[in-house]
Amino acid sequence: MSTSVTYSSPCHYFNKNGELQSSTTCSINLGIVEQTNQARFIVSFPDKVSEVTIFASANNPKATANDISAGVATGGGNVVVATVEGEVFIFKAPQAGDPPLTSVSFGN
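Residues numbered from 1 in each chain as written. Predicted model: local features only at pLDDT ≥ 70, side-chain atom pairs only at ≥ 80, totals over all residues. Heavy atoms only, no water.

(A) Representation of the overall build of the chain within the structure. Across its full length, the chain carries zero helices and nine strands. Counted from the first residue to the last, the chain has its helices and strands arranged as β-β-β-β-β-β-β-β-β. For the chain, buried positions account for 33% of its 108 residues. Contacts in the chain between residues far apart in sequence, at least 24 positions, make up 35% of those at least 6 positions apart. Counting only carbon and sulfur atoms, one obtains 52% of the accessible surface of the chain, whose full area is about 6,200 Å². (Helix = DSSP H or I, 4+ residues; strand = E, 2+ residues; numbered from the N terminus. Buried < 20%, exposed > 50% of the residue type's maximum accessible area, 1.4 Å probe, protein only. Contact = heavy atoms within 4.5 Å. Areas by Shrake-Rupley, 256 points an atom, 1.4 Å probe, with all protein chains shown as cover.)

(B) Looking closely at the packing of aromatic side chains. Enumeration over the complete set of coordinates arrives at four aromatic pairs. Judged by centre distance (6.4 Å) and plane angle (70°), the ring pair of Tyr 13 and Phe 45 falls under edge-to-face. Pair noted here: Tyr 13 is in strand E1 (residues 3-14) and Phe 45 is in the loop between strand E3 (38-44) and strand E4 (51-57), with a separation of 32 residues, a long-range link. Each member of the pair, Tyr 13 together with Phe 45, is buried. Taken together through their ring pairs, the aromatic side chains of Tyr 13, Phe 45 and Phe 89 make up a single cluster. (Phe/Tyr/Trp six-rings, centres within 6.5 Å; stacked < 30°, edge-to-face > 60°.)

(C) Representation of the side chain of Asn 29. Residue position: Asn 29 is located in strand E2 (residues 20-33). Taking the relative accessible area as the measure of exposure, Asn 29 reaches 18% and is therefore buried. At a separation of 2.7 Å, a polar atom in the side chain of Asn 29 contacts the side chain of Arg 40. (Polar contact = N/O pair within 3.5 Å; in protein donor to acceptor, adjacent residues only side chain to side chain.)

(D) Focus on the layout of surface pockets. In this structure, the largest pocket encloses a volume near 300 Å³. The set of elements that each furnish at least two residues to the lining of the largest pocket consists of E3, E4, strand E5 (60-65) and strand E6 (68-75). Tallied by class, residues from the lining of the largest pocket come to nine nonpolar, six polar and no charged. (1 Å grid on protein atoms, 1.4 Å probe; cavity = no way out; pocket = protein on both sides within 12 Å on 5 of 7 lines; lining within 4 Å. Points joined across faces, edges and corners; volume = space filled by probe spheres on them. Nonpolar A, V, L, I, M, F, W, Y, C, P; charged D, E, K, R; others polar.)

What follows is the structure, given as structure tokens:
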């Protein structure tokens, strides 16, 4: 990972039964895994759900969420991740014109 950005985003978590468990503002750290060219999102929920790590590729609808196979879709600026176990995570991807990012780090 060479560059990562941290930003705040509205986010939602639905459990395996489709019940909304969290609707809040999350802290999200986005980085690119150079070896695989995958995006890595670490979504930290302040309530009920602690954290989910998602690996996704831009040209592939398959992803993992905390090492569970998932599908990923984007639309309207949202990232939607649905695991094969039925959990769903929804959050915003950073968009041009958004408020300044919380932090940016460079390194290996």
